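# Remarks on the overall topology
These are the residues of each chain, in order.
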Amino acid sequence: MPFRSSVAYLVLVFVSATHVASAQTFRPIRFLEKSKIFVLDAGSASYVFGINEQNALQHIYWGGHVARDEDFLAAHGSDEWASFDLGTTTTPQEYPGWGAGLYVEPSLKVSFPDGNRDLVLHYVAHQMEGETLTVTLKDIERELLVHLGYTVYPGTGLIRREAVVENRTGSPVVVENAQSGAVYVPRGDGYRLRYLSGRWAGEWQLNQEPVHTGVKVLESRRGSTSHQTNPWFALDRDGDSDPEHGNVWFGALGWSGSWRISVEGTPHQQVRVTGGFNPFDFAYSLAPGEKLQTPPFYLGYTGGGIGEASRILHRFVRAEILPRGSGKRTRPVLYNSWEATEFAVDEAGQIALAEKAAGLGVERFVMDDGWFGQRNTDHAGLGDWYVNPKKFPNGLGPLIRRVHELGMDFGIWVEPEMVNPDSDLYRKHPDWAMHFAGRPRTEARNQLLLNLAREDVREYVFHWLDDLVTKNDIAFLKWDYNRNFSEPGWPELPADQQKKIWVKFTQNLYDILDRLRAKHPTLEIESCSGGGGRVDLGILRRVEQVWPSDNTEAFDRLTIEQGFTYAYTPHIMMAWVTDVPNFNGRSAPLPFRFLVAMQGSLAIGSNLNKWPPENFGLARQMIGYYKSIRETVQNGDLYRLTDPSDGNFKASQYVSPDKSRSVVFAFLHSQQFGRMLPALALRGLDEQATYSVAIFDGKSRSNSPLPSRLSGAYLMHRGLELPLTGDYDATSVKLERVSD
Ligand code: DGJ
């Protein structure tokens, strides 16, 4: 015995010593000199590429973690496969320039002033620093450089790619297409693509389809992220993956302007994905010495199915993207006035709403549209950001003071990038609106876009926002954006410079947000674009939360919420409880509406001045319950327990990272007589633990229909039988680990 235990001790010492040594020397990015290979070691994923014999950068591997670097062989460019498919096309290049017979999607296409448009990029240098790698490529003949950036996030296994194009040629160069890079999944057939599409009031619909030979283009040509398609994708092999198992490769762009992700199936069974600026109408003229940076492209891999792919993105956004560590806190329960009063806001009405909201337990009161200029309908006022003297004769002060007395902080709606032709601003500066000289200006919701790409417009917008927040005690801005680009002209610039508007507009939006936040370090912001038209990893670096959809009808919202969570965390997903009948003329009961809204960051958008007395008690209880679970909902792990195709019964579960707490939401649309609901098998719990089980749905019962304690194993294998009956029934179950 003494001998065996000392051997065990020696083994233990040896193991921990190696562990310490490897922990100290662990380098997430490695360059293998002999084989000229870069290994990006992102924890659960490996991403490998190398410099091939032609000096081009070539993809080698992206997938599950491979610890043994030597397993990867040097990159070897493909030979001519046929005179119609040259090696340039069949070699999986990391960042192919358009030139030398490239027929797949290029990462970069340029035009030189002498008419040359051939670009062949070869490796010249690299630099590694901790978790970042920069590889510099250069055209084989001209001083056109590309600095490829790679950042590894070992905590989540994500990799960030971007490119900086630098013109050192001494003459202007027009960049016609600039992507952040191309990525490849293992060669083979049978891939399935998931992506999110939609429309106003119907965003976040999940699509799943096979990848065939050809190019599937996901894009926005609208100047902003768009309701129609979101810059997120996921690939897996159909049949090789269920929600919680199997290989999934996924990615998202961090850009709030026009973007494109192309998913390309080549005739040689290679699926490649290219993401970056949308090349449509794109031409960025680079002066000598000038640089252009592409959007970041965040890329991830998991062997844990689409469920884990979503959770990785959720954790990543909370830990790495959201500003000022906001992903570690919880969101306050918010009230918003829009559906209650629309444009008819005034001091007395807003105070009356605030008093009722505070009584429910609301923590932040937000006054929406209608408080400024001559904004009585959506026909006028945008651009005139002074407080309307009729509605607020003493300014915003009395309302804000009352909101504070009631124990809430105050937020306000703004739409800084817009102007109504019926406004003092437009009358004074008609040239500030985006337009082509002498052409009609297309209005949408009676408004035009300001050309934010112009410096004077950018400064004007920054200064009035800064002034508003400096002069009033404002904790929160709801930043709206209610139309897309049309006539994207910039007539003040020479014709060959005007298309820069596609990039500069978004860069200036980011600049305003960054400066405003730096100057007001406690200010929080919501990104709204007529609902979910501007949700992406670029804007999320600058806002704490988003408005996913204008459609607040609870049953429609279930699909919207579920789709949203494929790409984005419930932490940022605002959800209001509103009045009925709502969209579709539907009237779901109040508990159903509350429980739907609790799946994200809860808010109230009802006209509390018109609520019947019985609503208040129920709402107080619901908000109290939400506060007891919000840490788990907002910062826990989400499991979608039902499939998007299941419209009648939907359920989701949130689990705290240490598995000690969990909450389940379940919704029945309409009961069919005699048809039983399935037992709901939970996920992500500790099988060995015992949990207290508490049902909550606003119904008063003398006995709980569920046992008061159950083991993790029972909950996950046998599952819960939930007491849902009739139409629009909803329930929630709170689980807490207890000692048996
Ligand atoms: C669109 C937003 O999505 C709504 O919530 C509301 O703020 C209106 N704009 C106000 O005009």
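Here the structure is shown first, and the text comes after it.
Predicted model, so just to flag it, every value in this text is computed and none were measured.

Before going further, it helps to examine the overall build of the chain. Within the chain one finds 13 helices and 36 strands. By the compact-globule yardstick of 27 Å for 740 residues, the chain fits well, its C-alpha radius of gyration being 28 Å. Over its C-alpha atoms, taken along the principal directions, the chain stretches across nearly 90 × 75 × 50 Å. In the chain, the share of contacts with a sequence separation of at least 24, taken over all contacts with a separation of at least 6, comes to 69%. For the chain, the distance from the average site of its 76 positive side-chain charges to the average site of its 88 negative ones is 2 Å.

As a further point, take the site of the ligand. Near the ligand there are 14 residues, and of these D368, D369, K478, D480 and D550 occur at the shortest range. Within the side chain of D369, one N or O atom sits 2.6 Å away from an oxygen atom of the ligand. Backbone polar atom of G531 to an oxygen atom of the ligand: 3.1 Å apart, as the coordinates give it. When the ligand is considered free in solution it has 290 Å² of accessible area, and contact with the protein chains removes 98% of it. Residues of the shell around the ligand, tallied by class, amount to five nonpolar, three polar and six charged.

The set of residues buried in helix α6 (residues 397-405) consists of P398, L399, I400 and V403. Looking at the buried positions of α6, the neighbouring elements they touch are α5 (347-360), β22 (364-367) and β23 (409-414). Looking one or two residues past α6, G407 carries a phi angle of roughly 90°, positive in sign.

The subject of this paragraph is the packing of aromatic side chains. Tallied over the entire structure, the rule returns 38 aromatic pairs. Ring geometry for F485 versus F505: centroids 5.0 Å apart, planes at 70°, classification edge-to-face. With F485 in the loop between β26 (476-479) and α9 (501-519) and F505 in helix α9, this residue pair connects regions lying 20 residues apart in the sequence. Owing to a relative accessible area of 11%, F485 belongs among the buried residues under this scheme. Among the residues examined, F505 registers a relative accessible area of 1% and is labelled buried. Taking the ring centre of Y481 as reference, the NZ or CZ of R534 above it sits at 4.2 Å.

Strand order across the open sheet formed by six strands is β31-β32-β33-β36-β34-β35, with antiparallel pairing between neighbours. With partners counted over all chains shown, the strands left at the sheet margins are β31 (637-640) and β35 (709-711), one partner each. Pairs of neighbouring strands in the sheet enclose a mean axial angle of 25°, with direction left out of account. Where strand β33 (residues 661-670) meets strand β36 (residues 727-738), nine bridges bridge the pair, whose relative direction is antiparallel. Bridge pairing in β36 links F667 to A730.

Pairing in this open sheet of eight strands is parallel, and the strands run β28-β27-β26-β23-β22-β21-β30-β29 from one edge to the other. With one partner strand each, in any of the chains shown, β28 (545-546) and β29 (574-577) form the two edges of the open sheet. One ladder, built from four bridges, connects β22 with β23; its direction is parallel. For M367, the partnering residue across the bridge sits in β23 and is I412. Against the sheet, helix α8 (residues 455-471) contacts β23 and β26, and its axis sits at roughly 160° relative to β23. Those strands touched by helix α11 (residues 590-597) are β29 and β30 (601-604), and its axis lies near 170° from that of β29.

On to the nonpolar core, then. Among the nonpolar cores identified, the biggest contains 186 residues, and L108, L540 and F594 are the most heavily contacted of them. In contact with F594, not counting residues within four places along its chain, are V577, L602, I604, W611, A619, M622 and I623. The next biggest cluster of nonpolar side chains, apart from the first, holds 24 residues, and it includes Y639, F649, L710 and L715.

With that out of the way, let us pick up the side chain of N484. Inspection of the secondary structure assignment puts N484 in the loop between β26 and α9. A polar side-chain atom of N484 sits 2.9 Å from a polar atom in the side chain of R222. Of note is the side chain of N484, whose polar atom sits 3.4 Å from the side chain of S224. Once residues lying within four places of it in the same chain are set aside, the contact partners of N484 are R222, S224 and L449.

Rules used in this analysis
- Residues numbered from 1 in each chain as written.
- Predicted model: local features only at pLDDT ≥ 70, side-chain atom pairs only at ≥ 80, totals over all residues.
- Heavy atoms only, no water.
- Helix = DSSP H or I, 4+ residues; strand = E, 2+ residues; numbered from the N terminus.
- Rg over C-alpha atoms; globule rule 2.2 N^0.38 Å.
- Contact = heavy atoms within 4.5 Å.
- Lys, Arg positive; Asp, Glu negative; His and termini not counted.
- Charge placed at Lys NZ, Arg CZ, Asp CG, Glu CD.
- Near = heavy atom within 4 Å.
- Polar contact = N/O pair within 3.5 Å; in protein donor to acceptor, adjacent residues only side chain to side chain.
- Areas by Shrake-Rupley, 256 points an atom, 1.4 Å probe, with all protein chains shown as cover.
- Nonpolar A, V, L, I, M, F, W, Y, C, P; charged D, E, K, R; others polar.
- Buried < 20%, exposed > 50% of the residue type's maximum accessible area, 1.4 Å probe, protein only.
- Phe/Tyr/Trp six-rings, centres within 6.5 Å; stacked < 30°, edge-to-face > 60°.
- Lys NZ or Arg CZ within 6 Å of the ring centre and 35° of its normal.
- Pairing = 2+ DSSP bridges.
- Axes fitted to C-alpha atoms, helices over the stretch in contact; angles between N-to-C directions.
- Core = buried A, V, L, I, M, F, W, Y, C linked by side-chain atoms within 4.5 Å.

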